Amino acid sequence: MKESLMDILCDPLDKSDLELEVDERDGEEIIEGRLVGTVTGEVYPIEDGIPNLLPPDMRDEE
Amino acid sequence: MKESLMDILCDPLDKSDLELEVDERDGEEIIEGRLVGTVTGEVYPIEDGIPNLLPPDMRDEE
Amino acid sequence: MSVRAEFDAWAADGRDRGMEERHWHTAKHALARMPVEPGDTVLDLGCGSGYAGRALRDTKDAGRVYGLDGAPAMVRNAQAYTEDPNVGYVVGDFDALPFADDSVDHVWSMEAFYYARDPVHTLEEVERILRPGGTFYCAVNYYEENVHSHEWQERIDVEMTRWSKSEYREAFREASLAVAEQDSIPDREIDIPPAESFPTDDWDSREEMFERYRTHGTLLTVGVSR
Amino acid sequence: MSVRAEFDAWAADGRDRGMEERHWHTAKHALARMPVEPGDTVLDLGCGSGYAGRALRDTKDAGRVYGLDGAPAMVRNAQAYTEDPNVGYVVGDFDALPFADDSVDHVWSMEAFYYARDPVHTLEEVERILRPGGTFYCAVNYYEENVHSHEWQERIDVEMTRWSKSEYREAFREASLAVAEQDSIPDREIDIPPAESFPTDDWDSREEMFERYRTHGTLLTVGVSR
Ligand SMILES: Nc1ncnc2c1ncn2[C@@H]1O[C@H](CSCC[C@H](N)C(=O)O)[C@@H](O)[C@H]1O
Ligand SMILES: Nc1ncnc2c1ncn2[C@@H]1O[C@H](CSCC[C@H](N)C(=O)O)[C@@H](O)[C@H]1O
């Protein structure tokens, strides 16, 4: 994901802000890292450049 | 025109209310008469059941 | 000549019904899209023969349908074509609509809007009379991208507004109408003769006629009152 | 099986591209109507292969285009089909959109909305993230009037919402989206074989296949945020 996506992303649970933590980036592009809910504390992974913002209970369901 | 049209008609000049004066009617249908601007005093004729709500300066122009 | 005198002459020699027949090819598709609910009040601006409002009564059970036109002879014809007590006609002008604020659910207009003397003001008037959430369906064949319509101005003694698609969208927004859709509706029904019939009285080539009707057709812009 | 597992399987065996090809027949007409201006931000809900957003970049110069899908494998494919830096994809669910209030100009969704667990809540979410005056283009092939779509439920292990046209309009309004248009867009491109080829694997008669594609096609409902 491009960092500019942060402008409009929010925590799917309560629509509060997210904080970006980067493990690997390529210029503007975030490759690996996570988005952390500033209010909920939930952790949403960014893998292969794609953020997974499913509510946590849906992420694990199969 | 049907009398119920009065619900939504207004004076084209200043959008104020109109008063209906009937010369000839057929039940609900007004055949001849006039609509008079309660604020502007303008007179808009109803002829053959059709109200003419052109602004007066346009009505006479050819 | 005034718009009224021009179109009174059209009504007198039956051109109101001729327009209805041609305009129906594309107008019916736009009318079908209108979110008119049973009981809604609909206004047809520049109604001509009045066919559009009558169609909305028949197909969507619109409650009351009014047609406004500046040409008294047009309106008299329109009134004569129906006995439906929930359909009515009014002589009036686009720039000074005789309807109260928020009094109408939807406004329709086919091949008439560009005759307005002050089209942005007409849009403001439409926005004023529409209830919040009501739509304005504005359909025109005369517009910038439809190059084969440009010459129409030479044939009529009334000044017409020739906006492009994006100018329509901008003007709607200027008048506080949210633009919900814009579309070119092709006329698939007009008969286009084989290539060897061209030139005809009206068309130099089959390509031009095809472009006019099948490619450009009718420009529909839908606005929503806020 | 969850929606995610189901559609991950579709993505894995290439059905994302198969859907794109079929859906394009009608989706392109709906996309063409969208009042997207250069620079606008557009979101594609249930983006599958992501073709719709990419088309809006190419044809209308949309500024940023995002696709959201619940199936991670779908999103990975979609991302792999483009190098455009102004296109991005997100894994997420219709019922809990990870976008801020008023952050998006227009929302698009093709053949996906009815998988929402709580479709009225999804509409409320769409209304929340749209800026005032922004549009929601919701296109579905699975709906009440399209009788030939009803049996699809038997073939998929996920519960689907089958509203009628008027139920779509009502639900939009319930979620404070003004309904600006509703239309059935025919699929004129699907090949319908001559009568003697029927029954086929999928169709008992030519009439039924014709009705499914040419008469019903895709139901488009357009809502506008207030
Ligand atoms: N400024 C104005 N105010 C009211 N009516 C006007 C107008 N300018 C043009 N018109 C009317 O608009 C009509 C255009 S012809 C189109 C008629 C009809 N809608 C149809 O589709 O066939 C004419 O009847 C003309 O009298
Ligand atoms: N609740 C939900 N949240 C997010 N995505 C969902 C969803 N339910 C279904 N989807 C996604 O919706 C898509 C439906 S298939 C349609 C894909 C694409 N719009 C096209 O036109 O081809 C699938 O990719 C599926 O994963």
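From a predicted model like this one, the values you see are computed outputs, not experimental measurements.

In this section: the environment of D7(A). Residue and element names in this part refer to chain A. Position of D7 relative to the elements: it lies in the segment before β1 (18-26). The exposure class assigned to D7 is exposed, which follows from its relative accessible area of 58%. In the structure, D7 is positioned 11 residues away from L18 in sequence and 10.0 Å away in space, judged by C-alpha atoms.

Residues and elements named next belong to chain C. Near ligand 1 there are 20 residues, and of these H23, G46, Y51, D69 and G70 occur at the shortest range. Between ligand 1 and Y51 there is a distance of 2.7 Å, counted from an oxygen atom to a side-chain nitrogen or oxygen. A distance of 3.0 Å separates a nitrogen atom of ligand 1 from a polar atom in the side chain of D93. In isolation ligand 1 exposes 570 Å². Once the protein is present, 99% of that is buried. Counting only elements with at least two residues in the shell around ligand 1, the list comes to α1 (3-12) and α2 (15-33). Per element, the largest residue contribution to the shell around ligand 1 is three residues, and it comes from α2. The class makeup of the residues in the shell around ligand 1 is 11 nonpolar, five polar and four charged.

Here we take up the arrangement of the chains. In this assembly chain A lies apart from chain B, the nearest approach of their C-alpha atoms being 43 Å. Where chain A comes nearest to chain C, the C-alpha atoms are still 22 Å apart, and the two do not contact one another.

This part is about the interface of chain D and chain A. Facing the 27 residues of chain D at the interface are 18 residues of chain A. It is R64(D), V91(D) and P98(D) that lose the most area in chain D upon contact with chain A, and together they represent 25% of the buried surface on that side. The partner of D7(A) in a salt bridge is R64(D), with the nearest N and O atoms 3.7 Å apart. The interface formed by chain D and chain A includes nine residue pairs in polar contact (both at pLDDT 80 or more). Put simply, the parts of the chain that give the side of chain D that touches chain A at least two residues each are α1 (3-12), β2 (64-69), α4 (72-80), β3 (87-91) and α5 (119-129) of chain D. Per-class residue counts for the side of chain D that touches chain A are 13 nonpolar, seven polar and seven charged.

All right, on to a negative patch on the surface then. All names here are of chain C. On the surface, D118, E124, E167, E170 and E174 cluster together to form a negatively charged patch. Element by element, the count of residues in the negative patch is highest for helix α7 (residues 165-174), at three residues. With respect to the helices and strands, the residue E170 is situated in helix α7. Overall, the relative accessible area of 51% leaves E170 in the exposed class.

According to UniProt, the positions carrying the feature "domain: Methyltransferase type" (unreviewed entry) are residues 43-138 of chain C. End-to-end, the C-alpha atoms of residues 43-138 of chain C are 12 Å apart, and along that stretch the chain is 31% helix and 31% strand.

A few words now on the sheet that holds strand β3 (residues 43-47) of chain A. Residue and element names in this part refer to chain A. With respect to topology, four strands assemble into an open sheet ordered β1-β2-β3-β4, the strand pairing being antiparallel. Looking at strand neighbours, the two that pair on one side only are β1 and β4 (50-51), the edges of this open sheet. In terms of strand pairing, strand β2 (residues 29-37) meets β3 through four bridges, oriented antiparallel. Among the inter-strand pairings, V36 is bridged to a residue of β3, identified as V43.

Attention now goes to the sheet that holds strand β6 (residues 177-185) of chain D. Residue and element names in this part refer to chain D. One open sheet holds the seven strands; their spatial order is β3-β2-β1-β4-β5-β7-β6, and the pairing between them is mixed. The open sheet has two free edges, formed respectively by β3 and β6, since each of these has just one partner strand. Put simply, the sheet's adjacent strands are angled 15° from each other on average, direction ignored. When strand β1 (residues 41-45) meets strand β4 (residues 104-110), the two strands line up parallel, connected through three bridges. For V42, the partnering residue across the bridge sits in β4 and is H106. Contacting β1, β4, β5 (130-140), β6 and β7 (218-225), α5 crosses the sheet at an angle of about 140° to β5.

Glancing now at the pairing of strand β3 (residues 43-47) of chain B. All names here are of chain B. The hairpin turn running from strand β2 (residues 29-37) into β3, its antiparallel successor, is five residues long, and G41 in that turn takes a positive phi close to 75°. The sheet contact formed by β3 and strand β4 (residues 50-51) spans two bridges and is antiparallel. Bridged to I46 within β4 is P51. The hairpin turn running from β3 into β4, its antiparallel successor, is two residues long, and D48 in that turn takes a positive phi close to 55°.

A few words now on the site of ligand 2. Residue and element names in this part refer to chain D. The environment of ligand 2 is formed by 20 residues, the closest being H23, G46, Y51, D69 and G70. A distance of 2.7 Å is found between an oxygen atom of ligand 2 and a side-chain nitrogen or oxygen belonging to Y51. A distance of 3.0 Å separates a nitrogen atom of ligand 2 from a polar atom in the side chain of D93. Contact with the protein chains removes 99% of the 570 Å² of surface that ligand 2 exposes when unbound.

Another aspect to go through is α1(C). When α1(C) is considered as a whole, its buried residues turn out to be R4(C), A5(C), E6(C), F7(C), W10(C) and A11(C). Positive phi appears at G14(C), one or two residues downstream of α1(C), with a value of about 85°.

All right, on to the packing of α1(D) against α4(D) then. Residues and elements named next belong to chain D. Two elements in contact, α1 and α4, have axes whose closest approach is 7 Å; the angle formed by their N-to-C orientations is 35°. Residue-level inspection shows R4, F7, D8, W10 and A11 of α1 in contact with α4, the latter providing P72, A73, M74 and N77. Across the contact of α1 with α4, the residue classes tally to six nonpolar, one polar and two charged.

Another aspect to go through is the pattern of salt bridges. Across all of its chains, the model carries 41 salt bridges over all chains by this definition. Note that R33(C) and D183(D) form a salt bridge whose closest N and O atoms lie 3.2 Å from each other. Taken as a pair, R33(C) in helix α2 and D183(D) in strand β6 lie in two separate chains rather than in one. Across the pair, exposure class does not vary: R33(C) and D183(D) are buried alike. Two residues, R4(D) and D93(D), come together in a salt bridge whose shortest N-O distance is 4.0 Å. You can see R4(D) sitting in helix α1 and its partner D93(D) sitting in the loop between β3 and β4, a full 89 residues away along the chain. Taken together, the salt bridges that share partners define one network made up of R33(C), E181(C), D183(C), R33(D), E181(D) and D183(D).

Calculation criteria
- Residues numbered from 1 in each chain as written.
- Chains lettered and ligands numbered in written order.
- Predicted model: local features only at pLDDT ≥ 70, side-chain atom pairs only at ≥ 80, totals over all residues.
- Heavy atoms only, no water.
- Helix = DSSP H or I, 4+ residues; strand = E, 2+ residues; numbered from the N terminus.
- Buried < 20%, exposed > 50% of the residue type's maximum accessible area, 1.4 Å probe, protein only.
- Near = heavy atom within 4 Å.
- Polar contact = N/O pair within 3.5 Å; in protein donor to acceptor, adjacent residues only side chain to side chain.
- Areas by Shrake-Rupley, 256 points an atom, 1.4 Å probe, with all protein chains shown as cover.
- Nonpolar A, V, L, I, M, F, W, Y, C, P; charged D, E, K, R; others polar.
- Contact = heavy atoms within 4.5 Å.
- Buried area = accessible area lost by both parts, 1.4 Å probe.
- Salt bridge = Lys/Arg side-chain N within 4 Å of Asp/Glu carboxyl O.
- Patch = residues over 30% accessible without salt bridge, like charges linked within 9 Å, V, L, I, M, F, W, Y side chains within 5 Å.
- Lys, Arg positive; Asp, Glu negative; His and termini not counted.
- Charge placed at Lys NZ, Arg CZ, Asp CG, Glu CD.
- UniProt positions renumbered as here; feature names shortened; annotations may be inferred.
- Pairing = 2+ DSSP bridges.
- Axes fitted to C-alpha atoms, helices over the stretch in contact; angles between N-to-C directions.

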